[in-house]
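Chains, contacts and geometry: an overview
Listed here are the chains, written in short residue letters.
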Amino acid sequence: ESVDTSVSLTISDASNAATGITASADSTCNGNSTMLMVVGGSLGAGGNWVWYADSCGGSSIGMGDSLVVSPLANTDYFVRAEDACGATACVSKTIIVNTSAPAPVALDTTTCGGGPVPPLTANGFAIKWYSDPGTTILLATGNTFNTGQTADGIYNYFVTQTLGGCESPADIAT
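Read on for a plain summary of the structure. The numbering scheme is per chain: residues are counted from 1 as the chain's sequence reads. Predicted model: local features are reported for residues with pLDDT of at least 70 only, side-chain atom pairs are reported and counted for 80 or more only, and whole-chain, interface and lining totals are derived from all residues. Excluding hydrogens and water, the side-chain figures rest on all heavy atoms present in the structure.

**Describing the pairing of strand 3 (residues 34-39)**
- By the alternation rule, side chains of strand 3 split into Thr34, Leu36 and Val38, which are all buried, and Met35, Met37 and Val39, of which none is buried.
- Relative to strand 3, strand 1 (residues 20-23) runs antiparallel, the two being bridged by four bridges. Bridged to Thr22 within strand 3 is Met37.
- The pairing criterion for strands is at least two bridges between them, as found by DSSP. Only DSSP runs of H or I reaching four residues or more are called helices, and only runs of E reaching two or more are called strands; each is numbered from the N terminus. As defined by bridge partners, strand 3 adjoins strand 6 (residues 66-69) across four bridges and the pair is classed as antiparallel. Bridge assignment links Met37 to a residue of strand 6, and that residue is Ser66. Only protein chains enter the accessibility calculation, which uses a 1.4 Å probe; a residue whose area is less than 20% of its type maximum is buried, one above 50% is exposed, and one in between is partly exposed.

So, in structure tokens, the structure goes:
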């Protein structure tokens, strides 16, 4: 007498490697975010795009077809497809981190009552003048700023410069 034995065979499509990574910004300022996105490739059954920093493999930093990163230094990012059949080759993208600009040099100004109030001056590039230390209320741009103040008092203004797309911390002009 014979016993029927059935065997099940499952064949899964393997993942195909990505062809590249695009970024919302190839360079960024220290700590700012950029989004990385997988280009090309395809996932096999049960596959995921797995992201790594500095080298391919090891501890992953995320999964999915995109990833938001905020590097503090130049960083190489890698992605590969991983599924039941294994892992594809990695593709990589380097994100360049621009150094923060130093604060500009703001020159304090003193004047006597009744006389014209001279403009404030700052030395630097792409100068911005703000009314608040959080640099959220922009008053003017350029190396000189006419405050428009006429009453006696001490008035503080906050000035930044931008180099390589990175805005500096503020200096105080009084």
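**Some remarks on the sheet that holds strand 1**
- On the basis of which strands lie adjacent, the open sheet formed by three strands has the order 1-3-6 and antiparallel pairing. Looking at which strands have only one partner, the edges of the open sheet turn out to be strand 1 and strand 6. Here the average twist between neighbouring strands, direction ignored, is 25 degrees. Helix axes use the C-alpha atoms of the stretch in contact, all axes being lines fitted to C-alpha atoms, and the angles between their N-to-C directions lie in the range 0 to 180 degrees.

**Focus: the sheet that holds strand 12 (residues 128-130)**
- Strand order in the open sheet made by the four strands is 13-12-15-18, with antiparallel pairing throughout. Among the strands making up the open sheet, the edge pair consists of strand 13 (138-141) and strand 18 (171-173). When the angles between neighbouring strand axes are averaged without regard to direction, this sheet yields 30 degrees.
- Where strand 12 and strand 15 (residues 157-160) come together, three bridges link them in antiparallel fashion. Bridging from a neighbouring strand, Tyr130 pairs with Phe158 of strand 15.

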